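Residue strings, one per chain:
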Amino acid sequence: MEWLTKFPHMDDDRLRELKKVIDEGFRTFTRAYGDGIESFFEPLQFFLIQSERFMTRTPWPIILILVALIAWLGSRNWKIVAGCVGTLLAIGYFDMWDDTMKTISMIFVCTVLSIAIGIPIGIIMSRSDRVQNLVNPVLDVMQTMPSFVYLIPVVMLLGIGKVPGLIAVVIYAIPPMIRLTNLGIRLVDKDVLEAADAFGSSSWQKLKNVQMPLALPTIMAGINQTIMMALAMVVIASMIGVQGLGQPVLKAIANQYFTLGIFNGLAIVGIAIIFDRVSQAYGHRLQRHREIVHG
């Protein structure tokens, strides 16, 4: 009756040999192509370094003015602008300014990269059910895979540093960008598309002048979710050398520094609230515009 209590499984020696073959194959691939892959990501590393230098070397009053200006352009709400500036002032007062600027630069680069990759994939998915059926399982794996698992192949290929952390964050954060771009374009009213066809619009003109403007509020929701998920990966990415607010939190966990962990954790929350409120307010403005113009 042992078969009822013990689930049948592959022979231990065969399972061990299978794992060994897979590990050796990946190590061989890393040794053969690791340098080429690393050189491929050099422009991304340059972009990240320049972004971090700008955020950390620019005088803090200028950064505050830029944040206030971006918040105003996005939300047109003085309460949100005051909240953004007040949050950054509090972060700076508790001596977390430099780490916060490094984290913001990382999130900025991750968001730009996710938009540049995610929107084209979402557009292609919206035009083909077959592509959607192929990409959706990949997105499911990316969203459900434990975030620590992303670090293993990335570190084996690229080692420890900013770029491996950036790639891990993008892999974790990009699925909402792709899904909501696809959804937004698919939800565009068929009558509007038929009207565009009646006026002789080409596929590119329909995409640029009709589908993308109408899908923009949904796409903005995808950008918002991408930013939130990228911030959620900050602490985990600090394990492979990503600087910013995640490293003090990791240090606090290792050494049981309660206050250090709480302060830096609250700083991450503050940044998340800033990004969330501004992007949501901008999305609501786009939604109101769509209702007025196309309602």
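Scroll up a little and you will see the structure.
As the structure is a prediction and not an experimental result, all values here were calculated from the model. (Residues numbered from 1 in each chain as written. Predicted model: local features only at pLDDT ≥ 70, side-chain atom pairs only at ≥ 80, totals over all residues. Heavy atoms only, no water.)

## A word on the packing of helix H2 (residues 12-40) against helix H8 (residues 147-158)
Helix-helix packing: each pair is described by the crossing angle between the helix axes and the interaxial distance. Rules: Interaxial angles span 0 to 180 degrees and are taken between N-to-C directions of axes, which are lines fitted to C-alpha atoms, for helices over the stretch in contact. Here a helix means four or more residues in a row that DSSP labels H or I, a strand means two or more in a row labelled E, and each is numbered from the N terminus. Small angles under 35 degrees read as roughly parallel and large ones over 145 as roughly antiparallel, with 65 to 115 read as roughly perpendicular and the rest as oblique. What makes two residues a contact is simply this: any of their non-hydrogen atoms within 4.5 Å. Ten residue types, Ala, Val, Leu, Ile, Met, Phe, Trp, Tyr, Cys and Pro, are classed as nonpolar, four, Asp, Glu, Lys and Arg, as charged, and the remainder, Gly among them, as polar.
Between H2 and H8, the shortest axis-to-axis distance is 8 Å and the interhelical angle comes to 65°. Comparing their axes, H8 and H2 come out roughly perpendicular. Taken together, the residues of H8 that come into contact with H2 (itself represented by Phe26, Arg27, Phe29, Thr30, Gly34, Ile37 and Glu38) are Pro153, Met156, Leu157 and Leu158. When the residues that make up the contact of H2 with H8 are grouped by side-chain class, the tally is 7 nonpolar, 2 polar and 2 charged.

## Brief notes about the environment of Val112
Our working rule: For each residue, the accessible area found with a 1.4 Å probe, counting protein chains only, is set against the maximum for its type, and the residue is called buried under 20%, exposed over 50%, and partly exposed in between.
With respect to the helices and strands, the residue Val112 is situated in helix H6 (residues 97-127). Val112 sits in the partly exposed class, given a relative accessible area of 32%. Taking the C-alpha atoms as reference points, Val112 and Gly265, 153 residues apart in sequence, are found 24 Å from one another.

## Some words on the side chain of Ser126
Within the element layout of this structure, Ser126 appears in helix H6. Ignoring any residue separated from it by four or fewer positions in sequence, one finds Ser126 in contact with Asn182, Ile185 and Arg186.

## With respect to the pattern of salt bridges
Our working rule: Salt-bridge detection follows one rule: a side-chain nitrogen of Lys or Arg within 4 Å of a carboxyl oxygen of Asp or Glu.
Applying the stated criterion across every chain yields a total of 6 salt bridges. Between Asp140 and Arg179 there is a salt bridge, and its shortest N-O distance comes to 2.4 Å. Remark: Arg179 occurs in helix H10 (residues 175-186) and Asp140 occurs in helix H7 (residues 129-144); sequence separation between them is 39 residues. By relative accessible area, which is 38% here, Asp140 ends up partly exposed. Notably, a salt bridge pairs Asp197 with Lys206, separated by 3.0 Å at the nearest N-O pair. For Asp197, a relative accessible area of 40% puts it in the partly exposed group. Exposure remark for Lys206: the relative accessible area of 18% places this residue in the buried category.

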